[in-house]
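The chain contents come next:
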Amino acid sequence: MHLHKTSSRLDKIGVTASTICAIHCAVVPVFITSLPLLGMGFLATPWIEWGMILFALMIGVYSIGGSYVKVHRSLLPLILLIAGFGVIVLGHLFLNTGTERYVVPLGGLLIAIAHVVNQRYVGACSHES
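Calculation notes
- Residues numbered from 1 in each chain as written.
- Predicted model: local features only at pLDDT ≥ 70, side-chain atom pairs only at ≥ 80, totals over all residues.
- Heavy atoms only, no water.
- Helix = DSSP H or I, 4+ residues; strand = E, 2+ residues; numbered from the N terminus.
- Contact = heavy atoms within 4.5 Å.
- Polar contact = N/O pair within 3.5 Å; in protein donor to acceptor, adjacent residues only side chain to side chain.
- Core = buried A, V, L, I, M, F, W, Y, C linked by side-chain atoms within 4.5 Å.
- Buried < 20%, exposed > 50% of the residue type's maximum accessible area, 1.4 Å probe, protein only.
- Axes fitted to C-alpha atoms, helices over the stretch in contact; angles between N-to-C directions.
- Parallel < 35°, antiparallel > 145°, perpendicular 65-115°, else oblique.
- Left-handed = near helix turned anticlockwise from the far one by under 90°.
- Nonpolar A, V, L, I, M, F, W, Y, C, P; charged D, E, K, R; others polar.
- Expected span 1.5 Å × (residues − 1).
- pLDDT = per-residue confidence, 0-100.

For arginine 73, which is not glycine, the phi dihedral falls at a positive 55°. Take arginine 73: it is sitting in the loop between helix H2 (46-72) and helix H3 (76-94).

Let us now look at the environment of isoleucine 64. Turning to its location among the elements, isoleucine 64 is positioned in helix H2. In sequence terms isoleucine 64 and asparagine 118 are 54 residues apart; their C-alpha atoms lie 6.3 Å from each other. When sequence neighbours within four positions are dropped, the list of residues in contact with isoleucine 64 reads Asp11, Ile59, Pro77, Leu78, Leu81, Ala114, His115 and Asn118.

Our focus in this paragraph is the side chain of histidine 72. Secondary-structure assignment places histidine 72 in helix H2. A polar side-chain atom of histidine 72 sits 2.7 Å from a polar atom in the side chain of asparagine 118. The residues touching histidine 72, leaving out its near neighbours within four places in the chain, are Ser67, Pro77, Asn118, Tyr121, Val122 and Cys125.

Attention now moves to the nonpolar core. Across soluble globular proteins, nonpolar side chains show a tendency to be buried alongside one another. Formed by Ile53, Ala56, Ile64, Leu78, Leu80, Leu81, Phe85, Ile88, Val104, Ile111, Ala114 and Val117, the largest nonpolar core amounts to 12 residues. Taken together, the elements giving at least two residues each to this core come down to H2, H3 and helix H4 (97-128). Considering every element that reaches this core, the biggest residue donor is H3, with 5 residues.

Our focus in this paragraph is the packing of H2 against H3. Following both chains from N to C, one finds H2 and H3 inclined at 165°, their axes separated by 10 Å at the closest point. Considering their axes alone, H2 and H3 lie roughly antiparallel with respect to each other. The two elements H2 and H3 cross, and the hand of that crossing is left-handed. Across the interface between the two elements, Glu49, Trp50, Ile53, Ala56, Leu57, Gly60, Val61, Ile64, Gly65, Tyr68 and His72 from H2 touch Pro77, Leu78, Leu81, Phe85, Ile88, Val89, His92 and Leu93 from H3. Looking at the contact of H2 with H3 residue by residue, the class counts come to 14 nonpolar, 4 polar and 1 charged.

For H3, which comprises 19 residues, the first-to-last C-alpha distance of 26 Å matches the rise-based estimate of 27 Å (1.5 Å per residue) to within 8%. Taken as a whole, H3 has its buried residues at Pro77, Leu78, Leu80, Leu81, Gly84, Phe85, Ile88, Gly91 and His92.

This part covers the confidence of the model for the protein. On average, residues of the protein score 81 in pLDDT, and 78% of them reach the 70 mark or higher. Predicted confidence in the protein is weakest over helix H1 (residues 2-31), with a mean pLDDT of 71, and strongest over H3, with 93.

Along the chain, the position of tyrosine 102 falls in helix H4. Taking the C-alpha atoms as reference, tyrosine 102 lies 9.7 Å from alanine 22; in sequence the two are 80 residues apart.

Within H2 the residues assigned to the buried category are Glu49, Ile53, Ala56, Ile59, Gly60, Ser63, Ile64, Gly65, Gly66, Ser67 and His72. Positioned one or two residues after H2, arginine 73 has a phi angle of 55°, which is positive.

Written out as structure tokens, the structure reads:
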């Protein structure tokens, strides 16, 4: 039961972090010229980008990986998590800014969906036992 509560909290944090990441990736390129005027130029730095990615990755691996091992053994949340991070990393490393701003948010949304699916699987398993 303790794992269910911890996983549920982490999945909620993961959904929030991934959604914020997706919004950040979609909005920052649009407002990049006005960010310094608003005192928020730091949001467009690579350190913030990769920090958000690393934060979401740590939460995802701990929450979804732990739930996979200890609870549901379903690969779908892991596949969605890996696909989401793959899209984000490939988008950041290999796409130009114009294309990146459309592709990278999709990766964030995939990660958020992975957490939602994981949460449902954990809930279904805890009700069965």
